[in-house]
Amino acid sequence: WNQRMDYSSEVVSASTKKLKILSFYAPDNARVGDYSIYIDAFDNADNGKIGTAVVQVYIKPKYEILTKTMNPPVYVFSGDTLSVKFLLQNSSNVRTTIRTTVVNNKVSETRDITLPAEASQVIRVFVTTKKDILSYTNATVRINALIVGAPQINSNSSCTFKIIPSDKVKFDAYNRIP
């Protein structure tokens, strides 16, 4: 067998009986919906069309999302405000509503975002650290995204950064920058 990728033709003589198997490939980014594939048969003698076969194809919805941290900070001083960016990407082949939950300092914020197929959005989270902390500590910001109506499809991402104590704290010989 040979694969046809274009509008080429295959000659079948009238005296033979051949079973032709045609395979069709639907790319991953094909939109959801009904499609028709038309196959024309031509008579070689007069080059006239003798018939058309119509193949009905339905592309099913494919749900997929991705979250990713963009350029996360490593260190921040106590009392500072920093910005953490998360990339939310809808890799589905259909417009999708995504429920995002951002957890920051044990406080969560939930919102629904509707994205077209193959689209993405940057979510920015502002984090204010505590002032006058006594020792080095870590803080984490997390995002959880799931597709509304298909909760088994979800994606998580997090950003952990170190908080450096303020200069008002007395020097401790054993408390160094990690």
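Sequence positions are assigned chain by chain, starting from 1 and proceeding in written order. pLDDT decides what is reported in this predicted model: residues at 70 or higher carry local features, side-chain atom pairs at 80 or more are listed and counted, and totals for whole chains, interfaces and linings draw on all residues regardless. Side-chain measures here rest on the full set of heavy atoms in the structure, leaving out hydrogens and waters.

Another point: the overall build of the protein chain. The helix and strand inventory of the protein chain stands at 0 helices and 10 strands. Only DSSP runs of H or I reaching four residues or more are called helices, and only runs of E reaching two or more are called strands; each is numbered from the N terminus. Listed by position from the N terminus, the elements making up the protein chain come as β-β-β-β-β-β-β-β-β-β. The buried share of the protein chain, reckoned over its 178 residues, is 25%. Across the protein chain, contacts joining residues at least 24 apart in sequence account for 61% of those joining residues at least 6 apart. When the accessible area of the protein chain is evaluated, it comes to approximately 13000 Å², of which 52% is carbon and sulfur surface. Throughout this description, buried means an accessible area under 20% of the type-specific maximum (1.4 Å probe, protein chains only), exposed means over 50%, and partly exposed covers the range between. Any two residues whose heavy atoms approach within 4.5 Å are treated as being in contact. Areas reported as accessible are Shrake-Rupley estimates using a 1.4 Å probe. Residue values count occlusion only from the protein chains shown.

Right, let's get into the pairing of strand β3 (residues 65-70). Burial along β3 is one-sided: the face carrying I65, T67 and T69 is buried and the face carrying L66, K68 and M70 is not. Note: two strands are recorded as paired if DSSP finds a minimum of 2 bridges between them. In this sheet, strand β5 (residues 81-90) lies alongside β3 in antiparallel orientation, the contact comprising 6 bridges. What sits directly across from K68, in β5, is L87.

Salt bridges are defined by distance alone: a side-chain nitrogen of Lys or Arg within 4 Å of a carboxyl oxygen of Asp or Glu. Across all of its chains, the model carries 2 salt bridges by this definition. Note that E64 is salt-bridged to K62, the shortest N-O span being 3.9 Å. Across the pair D112 and R99 runs a salt bridge whose closest N-O atoms are separated by 2.9 Å. Of this pair, D112 sits in strand β7 (residues 107-115) while R99 sits in strand β6 (residues 96-104); the two residues are 13 residues apart in sequence, bridging distant segments of the chain. The class for R99 is partly exposed, based on a relative accessible area of 34%.

Next up on the list: the confidence of the model for the protein chain. The predicted model of the protein chain averages 82 in pLDDT, with 80% of residues at 70 or higher. Per-element mean pLDDT across the protein chain ranges from 83 in strand β1 (residues 33-43) up to 94 in β3. Per residue, pLDDT measures the predictor's confidence, with a range of 0 to 100.

Take the nonpolar core next. To form a nonpolar core, buried Ala, Val, Leu, Ile, Met, Phe, Trp, Tyr and Cys residues must be joined to one another through side-chain atoms within 4.5 Å. V84, F86, L88, V125, V127, V141 and F161 are the most contacted members of the largest nonpolar core, which has 23 residues in total. Looking at which element gives the most residues to this core, the answer is strand β9 (residues 137-147), with 5 residues.

Another aspect to go through is unusual backbone geometry. In terms of backbone geometry, most residues other than glycine have negative phi values and most peptide bonds are trans. Of note, the phi angle at N105 is positive, near 55°, even though the residue is not glycine. The backbone of E118 sits at a positive phi, close to 60°, despite the residue not being glycine. Mapped onto the elements of the fold, E118 is located in the loop between β7 and β8 (119-128).

The 3 strands lie next to each other as β3-β5-β8, forming an open sheet whose pairing is antiparallel. The open sheet terminates on both sides in strands that have one partner only, identified here as β3 and β8. In this sheet, neighbouring strand axes are inclined to one another by 25° on average, regardless of whether the strands run parallel or antiparallel. Axis definition: a line fit to C-alpha positions, over the contact stretch in the case of helices; interaxial angles, taken between N-to-C directions, run 0 to 180 degrees.

The residue Y58 is located in strand β2 (residues 48-59) in this model. Classification of Y58 as partly exposed rests on a relative accessible area of 47%. Linking Y58 and Y35, residues 23 residues apart in sequence, is a C-alpha distance of 6.2 Å. Discounting residues that sit within four places of it in the chain, Y58 has contacts with V32, G33 and D34.

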